[in-house]
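# Understanding the architecture of this molecule
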Amino acid sequence: MTTLNLGILAHVDAGKTTLTERLLYAAGVIDEIGRVDHGTTQTDSLTLERQRGITIKSAVVSFIVDDVTVNLVDTPGHPDFIAEVERVLDVFDGAVLVVSAVEGVQSQTLVLHRVLHRLGVPTLFFVNKIDRIGADHRRVLDAIAERLGVTTIAMNVPRDIGTHGADVIASTPNDIDFFEALTDAVAVNDEQILHRYLAGEQLTYDQLHAALAAQTAARLVHPVYFGSAMTGAGVNELVAGIVDLLPTRISDRTGAPSGTVFKIERGPNREKVALVRMFAGTLTMRDRIRLSADASDEDRVTAIRVFERGTRSPRRSTVAGEIAEVGGLSHARIGDRFGLAADRGRHHAFPPPTLETSVVPRDPRDKPALFAALTDLAEQDPLINLRRDDTRNELFLSLYGEVQREIVAQTLGADHGIEVEFRSVTPLCIERPLRHGSAIETIPRHRSSTRPFLATVGLTIAPLPPGAGVTFALDVKVGEIPMHVFDTVDAFRDVMARTVNEALHQGLNGWNVTDCAVTMTHSDYQAPPRKWPGTTLSDYRLLTPLVLMDALTRAGTAVCEPVLEAHLEFPADVLGEIMATLINVEAVPGTPEISGRWCTLDAEVRAARLHDLQSRVPDLTRGEGVLESAFAGYRPVHGDPPSRPRTDRNPLNRADYLRRLKGITLREPGRTRTKPR
Ligand SMILES: Nc1nc2c(ncn2[C@@H]2O[C@H](COP(=O)(O)OP(=O)(O)OP(=O)(O)O)[C@@H](O)[C@H]2O)c(=O)[nH]1
Ligand SMILES: [Mg+2]
């Protein structure tokens, strides 16, 4: 049996969930086709999804075609839920990118295409809704080729497009136009075929088809299928394309298990259930695995259910290529990887949320319950980045936008019975170090010292280019590492890297510090029993934030705010008003391009002002204007940098930091030390 893990991606409302339903029906998994609008589909199973008719969470379903088990992941299309797409990207062997035959290529299509391209995921296009008035297959085919810059080959031809009776004619080897188009498409990337073609040799359809499959797998060619998820037109051809042209994998069961956790659910008794995609080997009941390189504990597998023919079947083991629900992984977090996969680099494919808001319960007595409920939500959606301000006990969430905020509020109301209000929505800034900064704290050598940490830590921090993230390196001798605490140098490095990363969550102005290289330059310790008490893990964990913030203070930081690239299309006669509005919301407009009655214009807008701009466009353009926006990076804030209240002990204030390290035994100078028994 071979497996194919398939993502269905698109802009909002393109028809992903409807198509998923059709595919399940075509494969015989369901007898009746559910409707998004009636709240009866398999993958929009949450109450809120059914009520609102949009997908909020990615969902896995599975079906079998020929000898291939297809695990299909239906994803949300609304940009506010992009984090749901981010989490499942690791899972895909191939993807279907859906484009509406009416709305055509959208900015979200470009965003998704770019990421699939960067990750090398072979992709088919499904141009949906050919039954709707206004559908135009040539325009969409051209737009895919031009705006996405890809080579396409149309695998079927619509008939009666734009009518209820719209259907498709499948292209066959006997169709001369198709044969020629296919030859052209694959010859460009295949010298052998090109030579034989130029030499006048007759190529067979099988040869061309094999070349098409190889080039689809290599993303050199993108087969395009027209159809209607609503009526089922074109769906059979798409199914054939999925199993014939996307790379299926034959399970390699040998070797150590390796995989990734991409979703966390809770079982009927609130036990943690991890959705795992297996990359290699076999994971069996009672196996012990270490989730991620920095995990200190092993977890034991207590249940396995594999996605199979529309259900999840209990099994003793799961093998490479499969998607399984695994019980017992109590430490699992989304994005964890085990086995060899743990070493792979992990980068965010999409930009992070740009807004932060505080969440307040309408009834103050709900505060503890609200914290518990949000902790639950954060487990399934780590990017909401739940923070609690220690001094005021306020709760903060990171968000992508309005719709996500509404969904969080409704989920808290419906699932947890907590009514909430959101206050002070602010852009989520970052801090970048301005220059190189170093600091060191040395181990106390005598009893009268006021230094309570039994360790030496020296760190430097240096700026890196925008987008580089945070790197950590050790530049100390092995003899300077307390091997009585850490088993290996790697373990020491991991703990230090984690401690540094945690400390960088709040920089000089309280924002996340990024785009910098941190190096540990000094380390020293005391080992028991010669010196008692010896250095412990806490000495390093607690001293590091102090030293790091010292180094950061010397480096200085620039507070940078998120900005978006806005793309506007509107009637040319309102250009003057649009320009004035852009200036008013402090946007930086590009050069307008006028074509006939229409004008297009790009502008850079601060995330803080996007909502202002969005709300004015309909009135300014008599309802005809369109605004699309995409994250464009961070720019230094002009004027006084905004700061964010800290959420925990403040290492920038040494006295306060030491005072608030309650509950942690620190060595008070001059105290009598007890000897071990
Ligand atoms: N006429 C027509 N309507 C369709 C077709 N496919 C989907 N729709 C309708 O388009 C709307 C959106 O369909 P969905 O399947 O929810 O789209 P989606 O891409 O899953 O949407 P999100 O998950 O919210 O991004 C629904 O009202 C569907 O009934 C189609 O082929 N033809
Ligand atoms: Mg959907």
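Here is a short report on the structure shown in this document.

Parameters and conventions
- Residues numbered from 1 in each chain as written.
- Chains lettered and ligands numbered in written order.
- Predicted model: local features only at pLDDT ≥ 70, side-chain atom pairs only at ≥ 80, totals over all residues.
- Heavy atoms only, no water.
- Helix = DSSP H or I, 4+ residues; strand = E, 2+ residues; numbered from the N terminus.
- Contact = heavy atoms within 4.5 Å.
- Pairing = 2+ DSSP bridges.
- Core = buried A, V, L, I, M, F, W, Y, C linked by side-chain atoms within 4.5 Å.
- Buried < 20%, exposed > 50% of the residue type's maximum accessible area, 1.4 Å probe, protein only.
- Donors = N, O, S within 2.8 Å, 3.2 Å for Na, K, Ca; no water.
- Near = heavy atom within 4 Å.
- Polar contact = N/O pair within 3.5 Å; in protein donor to acceptor, adjacent residues only side chain to side chain.
- Nonpolar A, V, L, I, M, F, W, Y, C, P; charged D, E, K, R; others polar.

What follows is about the side chain of glutamine 404. Inspection of the secondary structure puts glutamine 404 in helix 11 (residues 402-416). Residues within four places of glutamine 404 in sequence aside, it is in contact with Asp80, Phe81, Asp381, Ile384, Ser398 and Leu399.

This part covers the sheet that holds strand 12 (residues 272-280). Read across the sheet, six strands follow the order 17-16-19-12-11-20 without closing on themselves; strand pairing throughout is antiparallel. With partners counted over all chains shown, the strands left at the sheet margins are strand 17 (311-314) and strand 20 (337-338), one partner each. Here strand 11 (residues 258-266) runs beside strand 12; their pairing, made up of eight bridges, is antiparallel. By the bridge assignment, glutamate 265 is partnered in strand 12 with valine 273.

Grouped together as the largest cluster of nonpolar side chains are 45 residues, with contacts concentrated most on Leu9, Phe92, Phe125, Ile144 and Phe350. Broken down by secondary-structure element, the contributors of at least two residues to this core are helix 3 (82-88), strand 4 (94-100), helix 4 (107-118), strand 5 (123-128), helix 5 (137-148), strand 9 (222-226) and strand 12. No other element matches the five residues that helix 4 contributes to this core. Residue contacts for leucine 9: discarding those within four places in its chain leaves Lys16, Thr75, Val85, Phe92, Ala95, Val96, Leu97, Val98, Leu112 and Leu116.

This part takes up the coordination of the magnesium ion (ligand 2). Looking at the magnesium ion (ligand 2), the protein donor atoms are Thr17 (OG1) and Thr55 (OG1), and they sit 1.9 to 2.0 Å from it. A residue pair is termed long-range when its members are at least 10 positions apart, and threonine 17 in helix 1 (residues 16-26) and threonine 55 in the loop between helix 2 (47-52) and strand 2 (59-65) qualify at 38 residues.

This paragraph deals with the pairing of strand 12. Along strand 12, eight of the nine residues are buried, which leaves the element largely enclosed by surrounding structure. What sits between the antiparallel neighbours strand 11 and strand 12 is a turn of five residues, in which arginine 270 has the positive phi angle 70°. The pairing of strand 12 with strand 19 (residues 323-327) spans five bridges and is antiparallel. Opposite valine 273, over in strand 19, you have glycine 327 as the bridge partner.

Here we take up the site of ligand 1. Around ligand 1, the surrounding shell holds 19 residues, and the nearest of these are Lys16, Thr18, Asp37, Thr55 and Asp131. One of the backbone nitrogen or oxygen atoms of aspartate 13 is found 3.1 Å away from an oxygen atom of ligand 1. With three residues, the single largest contributor to the shell around ligand 1 is helix 1. Here the residues of the shell around ligand 1 are counted per class, giving six nonpolar, seven polar and six charged.

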